[in-house]
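What follows is each chain in one-letter form.
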Amino acid sequence: MVMMEEKMEDHEIVRSMIRFENELINQRLTWMATLNGLLFTGLGFAWGKDDARGLIFVFAFLGIAVSFLSGVGLFAANRAFRKLYDWWQDNKPSGYKGPDVIGMRPMCEGFGSWLTPWTLLPICFLFGWIAILIINVKVLP
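The structure displayed is predicted, hence computed values, not measured ones.

Caption draft 1: Expanded view of the nonpolar core. In this structure, Leu-39, Leu-43, Ala-46, Ala-52, Ile-56, Phe-59, Ala-60, Ile-64, Leu-126, Trp-129, Ile-132 and Leu-133 together form the largest nonpolar core, which totals 12 residues. Those elements that place two or more of their residues in this core are helix H1 (10-46), helix H2 (53-91) and helix H3 (117-138). If sequence neighbours within four positions are ignored, Leu-39 has contacts with Phe-59, Leu-62, Gly-63 and Trp-129. Of all hydrophobic cores here, the second largest spans eight residues; its members include Phe-81, Leu-84, Tyr-85 and Val-101.

Caption draft 2: Highlighting the side chain of Ser-70. In this structure, Ser-70 sits in helix H2. Given a relative accessible area of 14%, Ser-70 falls into the buried group. Setting aside chain neighbours within four positions, we find Ser-70 in contact with Arg-28 and Met-32.

Caption draft 3: Looking closely at the packing of aromatic side chains. For the structure on display, the rule yields two aromatic pairs. For the ring pair Phe-40 and Phe-125, a centre distance of 6.2 Å and an interplane angle of 40 degrees mean the geometry is tilted. Of this pair, Phe-40 sits in helix H1 while Phe-125 sits in helix H3, and the two are 85 residues apart along the sequence. On the basis of relative accessibility, which here comes to 33%, the residue Phe-40 falls in the partly exposed class.

Caption draft 4: Highlighting a nonpolar patch on the surface. A cluster of nonpolar side chains, Ile-123, Phe-127, Ile-130 and Ile-134, forms an exposed patch at the surface whose accessible area comes to about 330 Å². One can find Ile-130 in helix H3.

Caption draft 5: Spotlight on the packing of H1 against H2. Two elements in contact, H1 and H2, have axes whose closest approach is 9 Å; the angle formed by their N-to-C orientations is 170 degrees. Between H1 and H2, the interaxial angle falls into the category roughly antiparallel. The element H1 and its partner H2 pack so that their crossing is left-handed.

Conventions and cut-offs
Residues numbered from 1 in each chain as written. Predicted model: local features only at pLDDT ≥ 70, side-chain atom pairs only at ≥ 80, totals over all residues. Heavy atoms only, no water. Core = buried A, V, L, I, M, F, W, Y, C linked by side-chain atoms within 4.5 Å. Buried < 20%, exposed > 50% of the residue type's maximum accessible area, 1.4 Å probe, protein only. Helix = DSSP H or I, 4+ residues; strand = E, 2+ residues; numbered from the N terminus. Contact = heavy atoms within 4.5 Å. Phe/Tyr/Trp six-rings, centres within 6.5 Å; stacked < 30°, edge-to-face > 60°. Patch = residues over 30% accessible without salt bridge, like charges linked within 9 Å, V, L, I, M, F, W, Y side chains within 5 Å. Areas by Shrake-Rupley, 256 points an atom, 1.4 Å probe, with all protein chains shown as cover. Salt bridge = Lys/Arg side-chain N within 4 Å of Asp/Glu carboxyl O. Axes fitted to C-alpha atoms, helices over the stretch in contact; angles between N-to-C directions. Parallel < 35°, antiparallel > 145°, perpendicular 65-115°, else oblique. Left-handed = near helix turned anticlockwise from the far one by under 90°.

This is how it looks when you write it as structure tokens:
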């Protein structure tokens, strides 16, 4: 007996794609926070030691790189998420009565799109590492 595969509906496909983008955002945030935490811990041990100034520069540059690259990846995932949601809104069947593909409409437009953890955290870490780099150059002997 041949089993027929059930065709996935558009809402199921979009929902699974949004779920995948959310998983990517979660993974990238976790990696960014973990790596920055390790770098800040190393910085705490090295700070104030006369022979560790070069190491502080290395930590700061690595922190800048991790934050910037994570930010790029998070921005891309957020953009894909918004495109999927916009596609669903444009192509939702007129008679569709089921649940939306996400629980709450995302803050996609304007200033609100910048008020999400996956947008703000990479920027905060980036500027934090830049500040540490500047302090290391100007303050430490």
